[in-house]
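# Topology and contacts: notes
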Amino acid sequence: MSVFIDPKQVVGKINLKLHGQFIEFLGKCIDEGLWVGENSTIPNTKGIRNDVLALLKQLEPPVLRWPGGCYADTYHWRDGIGPRDQRLVSFNENFGTYESDQHQFGTDEFMQLCEELGAQPWTNVNLLSGTVAEMRDWMEYVNRSEETTLSKERAQNGHPQPYNAWMWGLGNEVWAGGGTMDPATYMSEYRRFASAMPSFTHSVFEKTKMYAIVSGPDSNKPREAVKWTEDFFKELAKYRQPKIDGYDMHFYNWNIDDQDDTPTDFTKEGWQRVIDGCFELEDLIKAQASLLRNGLALINEPEGKLDQKLTDVDLIVGEWGNWHYSAFTARPALQQQVSMRDVITTALTLDILQRNCDKVTMACNAQTINVLNSLALTKGDKIVATPNFDVFMMYKDHRDAQALAVPRQDSESQVDTFASLKGAKVCVNLVNASYDEERLINLVFPSQVKPEFVTQLTADDPHACNTFEEPNLVRAKPVKANSKVAKQHEFELPTASVTTVTFSLC
Ligand code: AHR
């Protein structure tokens, strides 16, 4: 098969925030996975595991979403600040975690982790059991530079400088755990919370620094997702609009049809079901992007001369990843192994997001450590980087690059191609999603190019994964590039593999 790649056919810029990560107090994602505390025998830096920190520093996640997820709707930020030995202890029932919650990793620990990683924090507000005043105080504590009681409290807790954390989610999955609301109920709640957000500017005419994120639809319910967005915008258009910057849809690739199928034990049919499932996201993004446009079109011209019309809202996929049936009963809660099946869907999902970079601006993998589609698994002092980590590392060059118009997938061959342009380099992803067949692909360019680097992630067995006993069984490896300068280049793609090739334009 041949794929034509024209570096002049640009779709748009790939927002680096499409490579975001999500950490939540579920299972052992944060407690024990990321946070062990300063007194732990596990080597740590200010309480954060050194091994996890090293991985995250390599990864450089552009965005980190916290504290949930569903957990955010029971979270009171004051429980997690101040001297750690005086923090409240509660009990965490979320998604079968069933563990006591010591609140050792709180706002300051999260914000300082983001600073250390250069990640932008996306903090999710408790819209269900929290109050507007609580939200406002949280934002003041985090961001106020002027001396106030709350900014002084932050300084006492070790951070005199404001954190400048601008992205805030107002509610999470409000159609389910976040309140089982309907769009009208959510809209009236949202209006109250959004209107109370401080702006952190010094001019009434200056655009607020805050970025407010709406809890969007459950994209796993395609009919409801359409109606939800339609109804949300109808409500929004009825009277003047509160601040809205982003609209956060969630999509999990559920694998629950065959309860004997586990993350590492599946048939060829199970492989195909999961691979096919991840492609649903592409249609959902297109549908939601168009619903957003239609919804914004319902908004009338404002009557007041000083009023600004809401004309644009960013589409976000705040949670995505494979969710296998066994995660529900797993201990630690929601922990899954990551086999080549998950590697392929992670690569395909990133390709979907990047290919639709003109429609979607931010996305977060659910979740970074020990939960669902994770990048690392921990057990006591042991750690293993899953091969999902390698996929994110292999794809780093696409951040802030220009996505090119390349046809998505050859359904017969099951090879998915994606390409982007940055300066004089074209980076190409080749995902062979076939369970049992190798492929040969011919990349054709309008003028001569030179392959510089080839990296490949594959395994002898599609069920392969990294374990504590064999932590590096599935690892991305450099492949010798044929450095000929030509218009056409052929690549062998092993069964179930992800290959990235960097070409320089000549
Ligand atoms: O990522 C796990 C959970 O999935 C999140 O808490 C929730 O938002 C979603 O349902």
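Structure: above.
The model shown is predicted, which means the values in this text are computed figures rather than measured ones. (Residues numbered from 1 in each chain as written. Predicted model: local features only at pLDDT ≥ 70, side-chain atom pairs only at ≥ 80, totals over all residues. Heavy atoms only, no water.)

### A closer look at the overall build of the protein
Counting secondary structure elements, the protein contains 10 helices and 24 strands. Over its C-alpha atoms the protein spans a radius of gyration of 23 Å, differing by no more than 12% from the 23 Å that the globule rule assigns to 506 residues. Seen along its three principal axes, the alpha-carbon backbone of the protein occupies a region of about 65 × 60 × 45 Å. In the protein, which comprises 506 residues, the share counted as buried stands at 58%. (Helix = DSSP H or I, 4+ residues; strand = E, 2+ residues; numbered from the N terminus. Rg over C-alpha atoms; globule rule 2.2 N^0.38 Å. Buried < 20%, exposed > 50% of the residue type's maximum accessible area, 1.4 Å probe, protein only.)

### Structural notes on the site of the ligand
The immediate surroundings of the ligand are formed by 13 residues, with Glu24, Cys70, Glu173, Tyr252 and Glu319 found nearest. Glu24 places a polar side-chain atom, nitrogen or oxygen, 2.8 Å from an oxygen atom of the ligand. The separation between an oxygen atom of the ligand and a polar side-chain atom of Glu319 is 2.7 Å. Here the ligand loses 96% of its free accessible area of 280 Å² to cover by the protein chains. For the shell around the ligand, the residue count by class is seven nonpolar, three polar and three charged. (Near = heavy atom within 4 Å. Polar contact = N/O pair within 3.5 Å; in protein donor to acceptor, adjacent residues only side chain to side chain. Areas by Shrake-Rupley, 256 points an atom, 1.4 Å probe, with all protein chains shown as cover. Nonpolar A, V, L, I, M, F, W, Y, C, P; charged D, E, K, R; others polar.)

### Side note on the layout of surface pockets
There is about 1400 Å³ of room inside the largest pocket. Every residue lining the largest pocket is counted, 39 residues in all, and those nearest its centre are Gln241, Pro242, Asp307, Gln308 and Lys309. It is helix α5 (residues 183–195) that provides the largest number of residues to the lining of the largest pocket, a total of three residues. Counted by class, the lining of the largest pocket contains 16 nonpolar, 10 polar and 13 charged residues. Space inside the second largest pocket adds up to approximately 320 Å³. Considering the residues around the second largest pocket, the lining is formed by 16 residues, among which Lys46, Arg84, Asp108, Glu109 and Gln112 are closest to the centre. (1 Å grid on protein atoms, 1.4 Å probe; cavity = no way out; pocket = protein on both sides within 12 Å on 5 of 7 lines; lining within 4 Å. Points joined across faces, edges and corners; volume = space filled by probe spheres on them.)

### As for the packing of α5 against helix α6 (residues 222–238)
In the contact formed by α5 and α6, the axes pass within 9 Å of each other and the chain directions differ by 50°. When the axes of α5 and α6 are compared, the pair comes out oblique. In this structure, the crossing between α5 and α6 has a hand that is right-handed. Contacts from Pro183, Ala184, Tyr186, Met187 and Arg191 in α5 reach Trp228, Asp231, Phe232, Glu235 and Leu236 in α6. Residue classes in the contact of α5 with α6 are distributed as seven nonpolar, no polar and three charged. (Axes fitted to C-alpha atoms, helices over the stretch in contact; angles between N-to-C directions. Parallel < 35°, antiparallel > 145°, perpendicular 65-115°, else oblique. Left-handed = near helix turned anticlockwise from the far one by under 90°. Contact = heavy atoms within 4.5 Å.)

### Some points on the sheet that holds strand β3 (residues 20–22)
Read around the closed barrel, the eight strands follow the order β3-β6-β9-β10-β11-β12-β13-β14; overall the barrel is parallel. Strand-to-strand, the axes of this sheet are offset by a mean angle of 30°, without reference to chain direction. Direction of pairing for β3 relative to strand β14 (residues 360–366): parallel, over a ladder of three bridges. Looking across to β14, one finds that Gln21 is bridged to Asn365. Contacts between helix α3 (residues 132–143) and the sheet are confined to β6 (63–66), β9 (120–125) and β10 (167–170), with β10 contributing the most and set at about 170° to the helix. (Pairing = 2+ DSSP bridges.)

### Comments concerning the pattern of salt bridges
Considering all chains together, one arrives at 30 salt bridges under this definition. The partner of Arg65 in a salt bridge is Asp248, with the nearest N and O atoms 3.8 Å apart. With Arg65 in strand β6 and Asp248 in strand β12 (residues 246–255), this pair connects stretches of sequence that are 183 residues apart. Residues Arg65 and Asp248 agree in their burial class; the two are buried. With a closest N to O distance of 3.3 Å, Arg192 and Glu189 form a salt bridge. Here Arg192 and its partner Glu189 are both found in helix α5, three residues apart, which amounts to about one turn of the helix. (Salt bridge = Lys/Arg side-chain N within 4 Å of Asp/Glu carboxyl O.)

### A closer look at the nonpolar core
Ranked by size, the top nonpolar core spans 128 residues in total, and within it Leu34, Phe105, Leu170, Phe232 and Leu353 carry the most contacts. Counting residues per element, this core draws most heavily on helix α9 (residues 340–355), at eight residues. Among the nonpolar cores identified, the runner-up in size contains 20 residues, and Ala419, Leu421, Val454 and Phe491 belong to it. (Core = buried A, V, L, I, M, F, W, Y, C linked by side-chain atoms within 4.5 Å.)

### Quick notes on the environment of Thr123
Inspection of the secondary structure puts Thr123 in strand β9. Separated by 12 residues in the primary sequence, Thr123 and Met111 have C-alpha atoms spaced 9.4 Å apart. Setting aside anything within four residues of it in sequence, one finds Thr123 in contact with Trp66, Phe110, Met111, Trp138, Met167, Trp168 and Gly169.

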